[in-house]
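Next come the chains, spelled out residue by residue.
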Amino acid sequence: MTTDDSENVVRFENVGLRYGLGPEVLQDVTFSLPAGSFHFLVGDSGAGKSSLLKLIYLALKPSRGLISLFGRDIATTPRRELPAMRRRVGVVFQEFRLLNHLSAFDNVALPLRVAGVRKSDIQKHVVELLSWVGLKDHLDARPPTLSGGQQQRVSIARAVISRPKLLLADEPTGNVDDRMAMRLLHLFEELNKLGTTVIIATHNSHLVEKMGFPKMHLDEGWLEIVGADTDRASVPPASEPGPGGGLLDDGDDDGTRPDLEKLF
Ligand SMILES: Nc1ncnc2c1ncn2[C@@H]1O[C@H](COP(=O)(O)OP(=O)(O)OP(=O)(O)O)[C@@H](O)[C@H]1O
Ligand SMILES: [Mg+2]
């Protein structure tokens, strides 16, 4: 661990990734994300967004370069310590990865059970969070009986319920309408205000423009960060209608912002 890394939740230095003998899908990727920052990860389909997130949540090893997470070089961290690091990362998977034999409630409760949270607290927090994402009437439903957008919201609730240090969301609004997308974005934003570092991969350019956070832009495996100098990264500029002409214009005072003190 170096002192330079103590403020950076994620650091990549000249990271390359190839699958098998194929070409490099990420090339010389170098960036640092300070604690408490909020970034969108954008780029065309196939640009490498999910691959980059997989490297961060330790599902893949880089072919070359250095990755550090929470100030620790992954390559030199003992294997037995990786699961504990991984538990500090909340992930919303592009393909949800819910446990189909468990109810929506139990999927979301799982991280809290693993963390040893009291049963009565689990009941309260899970019900409140699932209600907030509009699934109050589906607590007992198993994922295969839910729509794509409903499963996506269960997956988001599971990722945020334990207030992770780092939240990675891979296209978390791909299956919901614009109003729900904005509501979910507000959830991530409020989580960020409580100190969680957030990275959201998305194709939704309206959301990105509306929220005004810096962008990590991937283009054929090359990464560039845009807008980080002008923003404090954790505080978006005053809300203005984006170029979408107010497509996502939810007012800020109509209950679309969660009271996280209540939810968690
Ligand atoms: N398991 C894999 N084996 C081989 N190649 C892969 C694998 N996963 C991804 N790739 C390749 O890596 C590249 C980047 O894929 P990735 O899924 O990271 O893109 P993405 O930006 O997330 O795309 P999308 O926006 O469609 O989700 C693509 O060329 C893809 O074909
Ligand atoms: Mg992807």
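For the structure, check the block above.
A. Highlighting the sheet that holds strand β4 (residues 64-69). Spatial ordering of the open sheet is given by β2-β1-β4-β5, a layout of 4 strands whose pairing is antiparallel. Among the strands making up the open sheet, the edge pair consists of β2 (24-34) and β5 (72-73). Against the sheet, helix α1 (residues 49-56) engages β1 (8-18), β2 and β4, with an angle of about 125° to β1.

B. Representation of helix α5 (residues 148-160) in the model. With 13 residues, α5 extends 19 Å from end C-alpha to end C-alpha; this agrees with the ideal 18 Å at 1.5 Å per step. By the criterion of burial, α5 is predominantly enclosed, with 10 of the 13 residues buried. Taken as a whole, α5 has its buried residues at Q151, Q152, R153, V154, S155, I156, A157, R158, A159 and V160. Turning to α5, the residues buried within the fold contact β6 (89-92), α3 (104-114), α4 (119-132), β7 (166-170) and α6 (178-193).

C. Layout of the packing of α3 against α5. The N-to-C vectors of α3 and α5 enclose an angle of 20°; their axes lie 7 Å apart at closest approach. In terms of orientation, α3 and α5 fall into the roughly parallel class. In this structure, the crossing between α3 and α5 has a hand that is right-handed. Along its contact with α3, which presents A104, N107, V108, L110 and P111, the element α5 presents V154, A157 and R158. Across the contact of α3 with α5, the residue classes break down as 6 nonpolar, 1 polar and 1 charged.

Thresholds applied
- Note on numbering: residues in each chain are counted from 1, in written sequence order.
- To read the labels, note that chains go from A and ligands from 1, taken in the order they are written.
- The predicted origin of the model limits local features to residues at a pLDDT of at least 70 and limits the giving and counting of side-chain atom pairs to 80 or more, whereas totals for whole chains, interfaces and linings rest on all residues.
- What makes two strands pair is DSSP finding at least two bridges between them.
- Secondary structure follows DSSP: runs of H or I at least 4 residues long count as helices, runs of E at least 2 residues long count as strands, and numbering of each begins at the N terminus.
- Throughout, a pair of residues is in contact if the C-beta atoms placed from their backbones lie within 7 Å.
- The convention used is that axes are lines fitted to C-alpha atoms, helices contributing only their stretch in contact, and that angles between N-to-C directions extend from 0 to 180 degrees.
- Helix span is expected to be 1.5 Å times the residue number reduced by one.
- The exposure label follows from counting other C-beta atoms within 10 Å of a residue's C-beta, where the C-beta atoms are placed from the backbone and the thresholds are 20 or more for buried and 12 or fewer for exposed, leaving partly exposed in between.
- In these notes the angle categories are as follows: under 35 degrees is roughly parallel, over 145 is roughly antiparallel, 65 to 115 is roughly perpendicular, and the rest is oblique.
- Crossings are classed by handedness, with left-handed meaning an anticlockwise turn of the near helix from the far one by less than a right angle and right-handed meaning a clockwise turn.
- Ten residues, namely Ala, Val, Leu, Ile, Met, Phe, Trp, Tyr, Cys and Pro, are considered nonpolar, four, namely Asp, Glu, Lys and Arg, are considered charged, and the remaining ones, Gly among them, are considered polar.

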